Amino acid sequence: MTLTVHGIGVSKGIAIGKIHIFNPKEIEIHQYCIPQQHLEDEIDRFQRALVTAHDQLRQARAKVPKHSSVDIVAFIDAHLIMLEDSFLTRGPVELIQSHQCNAEWALKLQHESILKIFEQAEDPYLKARKMDMEQVINRIQRILLGQPALSVTLEETAFSKNIVLANDLNPAEIILMHHYGVVALVTESGGETSHTAILARSLGIPAIVGLRHAPRYLQNNETVIVDGSRGVLLLGGDETILHYYQQRRQAQKDRRIALSALKSAPIVTKDGVPIILQSNIEFPEDMRTVKEVSSEGVGLYRTEFLFMNRSSPPDEEEHLEAYLQVIRALDGQPVTIRTLDIGLDKLEGKKVERPLASNPALGLRAIRLCLKDQKLFKPQLRAILRASAAGQVRMMIPLVSSFQEITQLRHILVEIRKELKQKSQPFDPDLPIGIMVEVPAMAICTDLFAPCVDFLSIGTNDLIQYTLALDRGDDAVNYLYDPAHPAVLRLIKMTIDAADQCNKPISMCGEMAGDGRYVRLLLGLGLRSFSVNPESFLEVKQIIINSQLAGLTHLATQILETGAHADIMALLERLNRH
Ligand code: PEP
Ligand code: MG
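Analysis parameters
- Residues numbered from 1 in each chain as written.
- Chains lettered and ligands numbered in written order.
- Predicted model: local features only at pLDDT ≥ 70, side-chain atom pairs only at ≥ 80, totals over all residues.
- Heavy atoms only, no water.
- Helix = DSSP H or I, 4+ residues; strand = E, 2+ residues; numbered from the N terminus.
- Rg over C-alpha atoms; globule rule 2.2 N^0.38 Å.
- Buried < 20%, exposed > 50% of the residue type's maximum accessible area, 1.4 Å probe, protein only.
- Contact = heavy atoms within 4.5 Å.
- Areas by Shrake-Rupley, 256 points an atom, 1.4 Å probe, with all protein chains shown as cover.
- Lys, Arg positive; Asp, Glu negative; His and termini not counted.
- Charge placed at Lys NZ, Arg CZ, Asp CG, Glu CD.
- Donors = N, O, S within 2.8 Å, 3.2 Å for Na, K, Ca; no water.
- Domains from an automatic or database assignment.
- Buried area = accessible area lost by both parts, 1.4 Å probe.
- Salt bridge = Lys/Arg side-chain N within 4 Å of Asp/Glu carboxyl O.
- Polar contact = N/O pair within 3.5 Å; in protein donor to acceptor, adjacent residues only side chain to side chain.
- Near = heavy atom within 4 Å.
- Expected span 1.5 Å × (residues − 1).
- Arc of directions from axis to C-beta.
- Phe/Tyr/Trp six-rings, centres within 6.5 Å; stacked < 30°, edge-to-face > 60°.
- Lys NZ or Arg CZ within 6 Å of the ring centre and 35° of its normal.

## Overview of the overall build of the protein
Line of reasoning, step 1. Within the protein one finds 24 helices and 16 strands.
Line of reasoning, step 2. Rg of the C-alpha trace for the protein: 25 Å, near the compact-globule value of 25 Å for 578 residues, within the 12% margin.
Line of reasoning, step 3. Along the first, second and third principal axes, the C-alpha set of the protein runs to 90 × 70 × 40 Å.
Line of reasoning, step 4. Burial status across the protein gives 57% buried among its 578 residues.
Line of reasoning, step 5. For the protein, long-range pairs separated by at least 24 residues make up 69% of all intrachain contacts whose partners lie at least 6 apart in sequence.
Line of reasoning, step 6. By element, 52% of the accessible surface of the protein is carried by carbon and sulfur atoms, the whole surface being about 24,300 Å².
Line of reasoning, step 7. Each charge class in the protein was averaged separately, 62 positive and 70 negative side chains, and the resulting centres sit 4 Å apart.

As structure tokens, this is what we get:
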């Protein structure tokens, strides 16, 4: 019998593989009393567990692939260093002695007191280390309890050719799993534009989110089929079903090959209007895919991924090296480097572990966090300015919602330019500074803000989240996520029109730009510049070059005046057939 489970397909593609359940249940720890004469043995047992943890981590370290795009070794090293800390080497030993308790219980008590210290810390990096510490403690507990280690260091065998099922995954975990050859991702929570989903798309891993209660039906090592386009997971498929999906998988491959014929075609509509089409990237390594599709540059470089899987932020030189890598690969084509956007689900661990504001989406995120923590921000700004001497660079600021933020940024940049001049470090004095339009306030006031910046880019992932008041990562409200909602479309239209009137270049780099269903609608609303994930690039290009602009405006305007979803969908269908 075939079991079909439905979720939200967020990254296209078909995968067939074995399930690997990534977040097993919490381990239960019980207290028991150790007689005085056995205390030394208990301490010995604890210390042997530390040695085993060391060995496991060293083995994982030795298996790290050479050309990893993130510093996995540094990630493992951070765990190894923690294992040497007296918090873990001495603290639990003292507790075993003073409480005459078992090692697991002593470690649990020690864990609780470490947590308090981390919770009091203000520094976001300390908070990120909290997750590392928890993973290290979990590893030791599992050794003590004789349970298999959690895949926190992501051992290759657990992921290679497998389909990962997890409650949720943070981007750091996805990147590491990708390195080890995971073939699909399935999560119980998450939404269409959660960063998990975006990352899966950009890495080309088929993914389904919002598969609530999936662990109830699935077990480790069961073979399943993941259809990322339709958001369907199938278990127990017979030969016929398997054959059908193998054929579809082949058809998708064939389509990709067919699309690659478009690589060298100019990006011009049927009626001769040139359109700018660029790519979004997360890592310098993504440039390989960008080059493969012959993109005209990078319209969004999400730099926050430089900060992941490490215990301290990158310094100026590390930033610079990453940017130069992208610039060199671009060979004269432009790149828009977006400054750090953390504070939501990007750097932190899983939702429950976020020690952030009660509503992180409305809290200290992106430019807000950067302006508050300038020690974090300035090395990046300096590096972007220095990188600007080496290529066509633009700097883009996320989540701007007020005039002050732009003014404050400009002041900081004046200071930095002065410092760079003093050190005779070259930079482009005219480095274009742009803002993302992703807060409705900004969209409504584009006419007021556009004159103060050099360019704008619409971030629909957040614009939709804030306009429709729904958490982009929460599958419980995902049914409300609707890029074609008239409120969203009106804001997009207002933004494009206002930017055009101010003669400021306007682009869109949110996921909507790369979603084939909306490309013609956006063209009809007046958008002439798109930045999309490289996996969607050729598909979007095909739609653009097969579009006739005349006629699209009329239908798009009609959609702006339509309230009922079904009517909007009918008009959209007409527009896409146009
Ligand atoms: C957006 O919000 O649309 C966007 C491109 O930024 P991010 O998805 O990184 O928040
Ligand atoms: Mg955003």
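The discussion continues.
## A short note on the coordination of the magnesium ion (ligand 2)
Line of reasoning, step 1. At this site the magnesium ion (ligand 2) is bound by Glu438 (OE) and Asp462 (OD), with donor distances of 2.0 to 2.2 Å. With Glu438 in the loop between strand E13 (433-437) and helix H17 (440-444) and Asp462 in helix H19 (residues 460-467), this pair connects stretches of sequence that are 24 residues apart.
Line of reasoning, step 2. Judged by relative accessible area, which is 2%, Asp462 ranks as buried.

## Focus on the domain arrangement of the protein
Line of reasoning, step 1. Here the protein is partitioned into domain 1 (3-24 + 152-257), domain 2 (36-146) and domain 3 (265-576).
Line of reasoning, step 2. Spacing between the C-alpha centres of domain 1 and domain 3 amounts to 27 Å.
Line of reasoning, step 3. Residue-level contacts link 28 residues of domain 1 with 26 residues of domain 3.
Line of reasoning, step 4. Taking both sides of the interface into account, the surface hidden between domain 1 and domain 3 amounts to around 2,400 Å²; carbon and sulfur atoms contribute 49%.
Line of reasoning, step 5. Contact with domain 3 buries surface across domain 1, with Thr193, His195 and Ser202 losing the most and accounting together for 25% of the total.
Line of reasoning, step 6. Across the contact surface, domain 1 and domain 3 share four salt bridges.
Line of reasoning, step 7. In this structure, Lys12 and Glu539 form a salt bridge, with 3.0 Å as the shortest nitrogen-oxygen distance.
Line of reasoning, step 8. Linking domain 1 with domain 3 are five residue pairs in polar contact (both at pLDDT 80 or more).
Line of reasoning, step 9. Looking at the side of domain 1 that touches domain 3, the elements with two or more residues in it are helix H8 (171-179), helix H9 (195-203) and helix H11 (239-259).
Line of reasoning, step 10. With six residues, the top contributor of residues to the side of domain 1 that touches domain 3 is H9.

## Let's talk about the site of ligand 1
Line of reasoning, step 1. Every one of the 17 residues lining ligand 1 counts as a neighbour, but Arg302, Arg338, Glu438, Asn461 and Arg472 are closest to it.
Line of reasoning, step 2. Between ligand 1 and Gly459, the relevant distance is 3.4 Å, taken from an oxygen atom to a main-chain nitrogen or oxygen of the residue.
Line of reasoning, step 3. Counting only elements with at least two residues in the shell around ligand 1, the list comes to H9, strand E10 (298-302) and H19.

## Quick word on H19
Line of reasoning, step 1. Most of H19 is tucked away: seven of the eight residues are buried.
Line of reasoning, step 2. When H19 is considered as a whole, its buried residues turn out to be Thr460, Asn461, Asp462, Leu463, Ile464, Gln465 and Tyr466.

## Overview of helix H16 (residues 403-422)
Line of reasoning, step 1. The end-to-end C-alpha separation of H16 is 29 Å, in line with the 28 Å expected for 20 residues at 1.5 Å each.
Line of reasoning, step 2. Those residues of H16 that sit buried are Glu405, Ile406, Leu409, Ile412, Leu413, Ile416, Arg417 and Leu420. Mapping the buried residues of H16 onto a view down its axis gives an arc of 145°, with all of them on the same face. Seen from the buried face of H16, the exposed residues on the opposite side, beyond 90 degrees, are Gln404, His411, Lys418, Lys421 and Gln422.
Line of reasoning, step 3. In this structure, the buried side of H16 is in contact with helix H14 (366-372), helix H15 (374-387), strand E12 (393-397), E13 and helix H18 (446-449).
Line of reasoning, step 4. Looking one or two residues beyond H16, the residue adopting positive phi is Ser424, at roughly 55°.

## Structural notes on the environment of Glu173
Line of reasoning, step 1. Position of Glu173 relative to the elements: it lies in helix H8.
Line of reasoning, step 2. Linking Glu173 and Asn461, residues 288 residues apart in sequence, is a C-alpha distance of 21 Å.

## Comments concerning the packing of aromatic side chains
Line of reasoning, step 1. In this structure the tally under the stated criterion is five aromatic pairs.
Line of reasoning, step 2. Its guanidinium or amino end placed over the ring of Phe455, Arg394 lies 3.6 Å from that ring's centre, counting from NZ or CZ.

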